[in-house]
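# A structural walkthrough
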Amino acid sequence: MAALEVDDVAVTFGGLAALTSVDLVAEAGAVTGLIGPNGAGKTTLFNVICGLQRARRGRVQLDGRDVTGARTFNRARLGLARTFQRLEVFGSLTTRENLLVAAEMQRNGRDPHAVAQEILEEVGLTEYADAHVDSIPTGLARLVELGRALATDPKVLLLDEPSSGLDESETTAFGELLLRLAERGLAVLLVEHDVELVMRVCSQIYVLDFGEIIASGPPDSIRRSSAVQAAYLGTPVAAHASGNGSAS
Amino acid sequence: MDWNKLLELTIYGVALASIYAIAASGLVVTYTTSGIFNFAHGAIGMLMAFTYWQVRVQWGLPTWLSLLIVLGFVAPFTGAVIERTLIRNLRAAPLAVTLVVTAALMVGLMGVATVLWPPDQSRSLPAFFTGKTVSIGSTIVTYQQLLTIGLAVLLAILLKALFTWTRTGIAMRAVVDSRDLVALNGGRPVMLSTLSWALGAMLAGLAGILLASGPIGIGLVIEALTLVVINAYAAALFGRLRSIPLTFVGALIIGLAQQYTVGYSITKNAFFNTQIVPVVPYLLLFVALLLMPEGRLRGAQLVHAIKIRVPSLRTSVIWSGVLVLGGWVVAELVTGTNLTTISKGLAIGIIMLSLVPLTGYAGQISLCQMTFAGIGAFAMSRVASSGTTVGFGSLGIGNGSPLGLLAAFVLAAAVGALIALPAIRLQGLYLALATMAFAVIMSSAFFEGGAIFGTGSTDAGAVQRPDFGMFSLSSNGAYLVFLSVVFGLVAIGVLALRRGPFGRRLLALRDSPAAVATLGGSPTRTKLLVFSLSAGLAGLGGALYGGVDRNVTPGQFSFFGPPGSLAVFVLAVVGGVATVTGPLIGGQLLLLVPVFFTWLGTKLKTDLTPYAQVLFGLAGIGLGRNPGGAVVEISTRFRALVSGRMPRETEMEANGPPIEALLVPGSPLGAPIAESQLLELDALLDLEEVSGLGRA
Ligand SMILES: Nc1ncnc2c1ncn2[C@@H]1O[C@H](COP(=O)(O)OP(=O)(O)OP(=O)(O)O)[C@@H](O)[C@H]1O
Ligand SMILES: [Mg+2]
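Residues numbered from 1 in each chain as written. Chains lettered and ligands numbered in written order. Predicted model: local features only at pLDDT ≥ 70, side-chain atom pairs only at ≥ 80, totals over all residues. Heavy atoms only, no water.

## As for the overall build of chain B
Put simply, the rule is: Strands are runs of DSSP state E lasting at least 2 residues, helices are runs of H or I lasting at least 4, and numbering of each runs from the N terminus. Throughout this description, buried means an accessible area under 20% of the type-specific maximum (1.4 Å probe, protein chains only), exposed means over 50%, and partly exposed covers the range between. In this description, contact between two residues means that some pair of their heavy atoms is separated by no more than 4.5 Å. Where accessible areas are quoted, they stem from the Shrake-Rupley method and a 1.4 Å probe; at the residue level, only the protein chains shown are allowed to cover.
When helices and strands are counted, chain B shows 28 helices and four strands. Among the 696 residues that make up chain B, the fraction classed as buried is 55%. Within chain B, contacts between residues separated by at least 24 positions form 77% of all contacts whose residues are at least 6 apart in sequence. When the accessible surface of chain B is split by element, carbon and sulfur atoms take 67% of a total near 27,400 Å².

## A look at the overall build of chain A
The following threshold applies: All radius of gyration figures rest on C-alpha atoms, and the globule criterion is 2.2 Å times the number of residues raised to 0.38. His is not counted here, nor are the chain ends, while Lys and Arg score as positive and Asp and Glu score as negative. In this description, the location of a charge corresponds to atom NZ of lysine, CZ of arginine, CG of aspartate or CD of glutamate.
Counting secondary structure elements, chain A contains ten helices and ten strands. Here chain A has a C-alpha radius of gyration of 18 Å; the compact-globule value for 248 residues is 18 Å, and the two agree. Evaluated residue by residue, chain A yields a buried proportion of 55% over its 248 residues. Expressed as a percentage of contacts within chain A between residues at least 6 apart in sequence, the contacts between residues at least 24 apart total 66%. About 10,100 Å² of surface is accessible on chain A, with carbon and sulfur atoms providing 48% of the total. Between the mean site of the 22 positive side-chain charges and the mean site of the 32 negative ones, chain A shows a separation of 8 Å.

## Comments concerning the nonpolar core
Basically, it comes down to this: Residues belong to a common nonpolar core when they are buried Ala, Val, Leu, Ile, Met, Phe, Trp, Tyr or Cys residues joined through side-chain atoms within 4.5 Å.
Within the largest apolar cluster, 272 residues are counted, with the highest numbers of intra-cluster contacts made by Leu-4 and Leu-157 of chain A together with Phe-37, Phe-39 and Phe-372 of chain B. No other element matches helix 18 (residues 428-445) of chain B, which puts 13 residues into this core.

## Brief notes about the sheet that holds strand 9 (residues 204-209) of chain A
Residue and element names in this part refer to chain A. Rules: Two strands qualify as a pair provided that DSSP identifies no fewer than 2 bridges between them. Geometry is summarised by axes, namely lines fitted to C-alpha atoms with helices restricted to the contacting stretch, and by angles between N-to-C directions that run from 0 to 180 degrees.
Overall, mixed pairing links the six strands, which are arranged 6-7-8-3-9-10 in an open sheet. The two strands at the open ends of the sheet, each matched to only one other strand, are strand 6 (80-82) and strand 10 (212-217). Taking the axes of each pair of neighbouring strands and ignoring which way they run, one obtains an average angle of 20° across the sheet. Bridging between strand 9 and strand 10 involves five bridges; their strand directions are antiparallel. Across the sheet, Tyr-206 pairs through a bridge with Ser-216, a residue of strand 10. Of the strands in this sheet, strand 6 and strand 7 (156-160) touch helix 5 (residues 138-150), which is tilted by about 165° from strand 7.

## Considerations on the coordination of the magnesium ion (ligand 2)
All names here are of chain A. Note the cut-off: Water is not part of the atom set, so a site may look incomplete; the donors themselves are N, O and S atoms within 2.8 Å of the metal, or 3.2 Å for Na, K and Ca.
Donor atoms from the polypeptide that bind the magnesium ion (ligand 2) are Thr-43 (OG1) and Gln-85 (OE1), placed at 1.9 to 2.1 Å. Taken together, the residues span a long stretch of sequence, with Thr-43 in helix 1 (residues 42-50) and Gln-85 in the loop between strand 6 and helix 3 (95-104) at a distance of 42 residues. Accessibility expressed as a relative area gives 30% for Gln-85, which makes it partly exposed.

## A word on the sheet that holds strand 2 (residues 16-26) of chain A
All names here are of chain A. Taken together, four strands build an open sheet; the order of strands is 2-1-4-5 and the sheet is antiparallel. Only two strands of the sheet have a single neighbouring strand rather than two, namely strand 2 and strand 5 (65-66). Bridge analysis of strand 1 (residues 4-13) against strand 2 gives seven bridges, and the strand direction is antiparallel. From the neighbouring strand, Thr-12 faces strand 2, where its bridge partner is Ala-17. Taken strand by strand, helix 1 contacts strand 1, strand 2 and strand 4 (57-62), and its axis lies near 115° from that of strand 1.

## Some words on the domain arrangement of chain A
Residue and element names in this part refer to chain A. Filter applied, for reference: In this document the domain limits rely on a domain assignment from an automatic tool or a database. Once two parts are put together, the accessible area they lose, assessed with a 1.4 Å probe and summed over both, is termed the buried area. Pairing of N or O atoms within 3.5 Å defines a polar contact, subject to two protein rules: one partner must be a possible hydrogen donor and the other a possible acceptor, and residues neighboring in sequence count only if both atoms are side-chain atoms. For this classification, the nonpolar set comprises Ala, Val, Leu, Ile, Met, Phe, Trp, Tyr, Cys and Pro, the charged set comprises Asp, Glu, Lys and Arg, and every other residue, Gly included, is treated as polar.
Each assigned domain of chain A is listed here: domain 1 (1-79 + 155-167 + 187-248) and domain 2 (88-153). In this structure, domain 1 and domain 2 have C-alpha centres spaced 26 Å apart. Contact residues are listed per partner, giving ten residues for domain 1 and seven residues for domain 2. Interface area for domain 1 against domain 2, summed over the two sides, is near 610 Å², with a carbon-plus-sulfur share of 60%. Seen at the junction of domain 1 and domain 2, the total is one residue pair in polar contact (both at pLDDT 80 or more). Top element by residues in the side of domain 1 that touches domain 2 is strand 7. It accounts for three residues. Within the side of domain 1 that touches domain 2, the residues separate by chemical class into four nonpolar, two polar and four charged.

## A look at the domain arrangement of chain B
All names here are of chain B. Heads up, the condition is: Salt-bridge detection follows one rule: a side-chain nitrogen of Lys or Arg within 4 Å of a carboxyl oxygen of Asp or Glu.
On domain assignment, one finds that chain B holds domain 1 (3-268), domain 2 (313-557) and domain 3 (663-696). If you average the C-alpha positions of domain 1 and of domain 2, the two centres end up 35 Å apart. Every contact between the two is made by eleven residues of domain 1 and, on the other side, nine residues of domain 2. Taking both partners together, domain 1 and domain 2 bury about 860 Å²; carbon and sulfur atoms supply 90% of that area. Connecting domain 1 to domain 2 are zero salt bridges. Counting the contacts that link domain 1 with domain 2 gives zero residue pairs in polar contact (both at pLDDT 80 or more). Of all the secondary structure elements, the ones that give two or more residues to the side of domain 1 that touches domain 2 are helix 4 (95-116) and helix 9 (222-238). Residue classes in the side of domain 1 that touches domain 2 are distributed as ten nonpolar, no polar and one charged.

## Considerations on the side chain of Thr-579 of chain B
Residue and element names in this part refer to chain B. In this structure, Thr-579 sits in the loop between helix 23 (565-575) and helix 24 (581-604). A distance of 2.9 Å separates a polar side-chain atom of Thr-579 from the backbone oxygen of Gly-576. Engagement of the side chain of Thr-579 in a polar contact is seen with the backbone nitrogen of Gly-582, the distance being 3.0 Å. With residues near it in sequence (within four places) discarded, Thr-579 still touches Ile-308, Val-356, Val-631 and Val-632.

## Focus on the site of ligand 1
This is how it is decided: Being near a molecule or strand, for a residue, comes down to having at least one heavy atom within 4 Å of it.
Neighbouring residues of ligand 1: 14 residues in total, closest Gly-39, Lys-42, Thr-43, Thr-44 and Gln-85 of chain A. Among the chains of the assembly, those with residues near ligand 1 are chains A and B. Within the backbone of Gly-39 of chain A, an N or O atom sits 2.8 Å from an oxygen atom of ligand 1. Measuring from an oxygen atom of ligand 1, one finds a side-chain N or O atom of Thr-43 of chain A at 2.7 Å. Protein coverage of the free-state accessible area of ligand 1, which is 640 Å², stands at 82%.

## Notes on the confidence of the model for chain B
Residues and elements named next belong to chain B. The criterion, for reference: Looking at any residue, its pLDDT shows the predictor's confidence there, from 0 to 100.
Overall, the predicted model of chain B reaches an average pLDDT of 81, with 82% of residues at or above 70. With pLDDT under 50 throughout, residues 645-674 is counted as low confidence; its partners more than four residues away or in other chains account for 72 contacts. In this model residues 686-696 is a low-confidence stretch, pLDDT under 50, and it forms 15 contacts with partners more than four residues away in sequence or in other chains. Scored as a complex, the prediction yields pTM 0.87 and ipTM 0.90.

## Here's the deal with the side chain of Thr-148 of chain B
Mapped onto the elements, Thr-148 of chain B comes out in helix 5 (residues 143-165). Leave out the neighbours within four places in its chain, and Thr-148 of chain B touches Ala-15, Ser-18, Ile-19 and Leu-210 of chain B.

## Concerning the confidence of the model for chain A
Scored by pLDDT, chain A has a mean of 87; 93% of the residues are at 70 or more. Contacts for the low-pLDDT stretch residues 235-248 of chain A, under 50 throughout, to residues beyond four places or in other chains number 24 contacts.

## With respect to unusual backbone geometry
Residue and element names in this part refer to chain A. The phi dihedral of Asp-63 is positive, around 55°, even though this residue is not glycine. For Asp-63, the position within the fold is in the loop between strand 4 and strand 5. Notably, Phe-210 is not glycine yet its phi reads approximately 50°, a positive angle.

## Considerations on helix 1 of chain A
All names here are of chain A. Among the nine residues of helix 1, eight are classified as buried, and the element is accordingly described as predominantly covered. For helix 1, every residue scored as buried is listed here: Lys-42, Thr-44, Leu-45, Phe-46, Asn-47, Val-48, Ile-49 and Cys-50. Two residues or fewer past helix 1, Gly-51 is found with a positive phi of approximately 90°.

In structure tokens, the structure reads:
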């Protein structure tokens, strides 16, 4: 049974089809990639999975449990956690307090302060522990979001472009962190524009374009897929995909 | 069934509804384009009605010219000036600040009207087409009613056309949800915002003039006129503050409900007639809130967060000690009414402290803290007295039993939880409006009914001071010291709360409800808890407030006061609602400033009260520049002075995602609105029906 399973999900905004019949599976103990051009619907899919966006159709299951109609915080209590592409940190709190808020919501009997300290070290934010989060660089704020998600002791982790804003060495370290998390048994679903990073850490990759999964499989097969190249790498199709504004 | 009466009431109802619709659509227009709810909308309408009187009656200009001057020039100009000077600076301000600024503007405008048109002279506006009527059966309809209805219909058509067929109108609809998207598409939200405020003020003015000259019988009375336009807010809520057609439906419901309740109950129940009927629009506002669908959870906004150092336990205990010492010194030095005024200010300070967790930490708004205070005073009067005369009787536990204070907290907290339920799942603005409605309803239907605190007569409003046996609080000095102790203890408690898990959770909730939910917290539950806690603290403060004079009157717990829920909220925020010093200052301001103006007035032999109102307005408006409140402003400057640095504007840093994150990918700057973007805008606006037009 997969840690996360999405079946036939469809979302429309007014007349705009953001997702049409998306199926996706993320297994425990692995990093699964989700890539696609701007506006493909990746963030929308994340919102559907965590219950911030209602789907027109389809099902979401966590560990075999149907959570389609469940509220966001109830899904979180079942072990789902995420980060946001558009930062959603608690800016008026310090880094440590951000982690504490998350840890204090858990009912697993662990000392929140110990959890917070442990995670500060794990994601490498000890230096910024007592800084207000709205005054630290964006890349690090993304790590705060990651740490905050980890503080909920999740089983499934959704990461929306977590590495943007990190430099090269930070990105490398970040990739290793992802692999460590997967080793620990987490199911990680990674949305990322850094294709190299995705190819390096993911065992399975889904490619989303115009709200549809156009390819899925291990990194090698994705790299060779011509549909993916057409959608992703500046061919006429891609120009159309990102050219909303100029269409008349 | 008396068909004639029904017809007559219906025509009156539709005419009234038309006025509400005109006022409410003005509110919707300003809200959708600037994202700021204009609390002063009613006051603008009132001010324009008076201006119209000045031109039409006092100067004797012809009707058409007077209308042209007021609605064509003065109103739009006023609206535009307000937008340019006040509203524009509020774009990144928290909800509490925007509400305080517009509410203060309302009070300020009421003060201005009182200065310009002192209420000691009675004024009236001639009806339009005086004496001209048509009859339907035996029912007589005046031309003015027909004109009113006709204007509303015309307006409905014009607005619909504006919003669906002109680019400016489409852009206007879009601005509120996606300012950046509109900017990106070449629309200029700044210009649109000014335009819409001009239009909004014009509509408010039209509604004000129709109300003041019409058969409704409001006449030119400052407070009444302002409040009646506020009735229209409920209509706007039926339209979820965005849909003009639904707003018209809401106005119709409210207008008819009001006329039918007035018309059909005259003989039956006096209480119903005098206490319930006037608040029907506010009851309907609650209905509108219940009908409102839960929106998506809000994410982080581009809000300026003000960082405030939280004092440690040690520091807060020391300062509380200083406060008690200060209270003792004042009690020794000051006597008579000055002493009780300071005591009342301190009690109001405790009530304002109740806003610190709610507004200062969680960013939620309550405009009914004095209602909870009244409930607390009520509990105290019934539990801790040996035999009360009126309504509900008394538990008679004994004079001044401290159990009364407990009862005050518990009862107010319970009522708070109850009234928050319908609105708490919605965005903050709706909670604010629900609390305003609750304050008005409770004031009319509960406090003023005579059963609670009498009708101003002697013993009915008796509230005991608590009696702890060993030390007596019967002298006013001792009571002041006691109030300082309570203030200190509550302040220590509130700060301890802030340093603990619940306080962190409240700030997290203010910063991003969506993130709180994805971490496993229920935003609704947390908001309900803090609202209830805040209501309880206000109840406690109210019980102590009542003890100062050992007597209360219904008016003290009304929306306008004095002291009133509105002023309590505004001055708490002006003082600095994220700190505990702010409420201390705010409470004293609320009580001492009027005393000072009265004193000065007797020296100068003029009534200065309206100037106090204007000053109050200016103080609130000034908040637009220092959203942290006086305490934060002063302490920042003081610290800067001590350390020899200039205060940095960057103390307040933008707390939000970079603008790029909000933008739709791939839209070239300044391009015309494309079809796909129109669809997206419609989705943002929940307006599916318009999509088809965008395609044409
Ligand atoms: N709330 C909304 N209302 C209307 N349209 C929306 C909304 N959210 C997203 N969209 C649209 O849905 C489509 C998918 O957006 P989404 O943000 O999911 O894409 P994405 O794959 O995450 O893109 P990116 O790589 O830029 O983050 C886009 O066309 C977007 O404009
Ligand atoms: Mg995205």
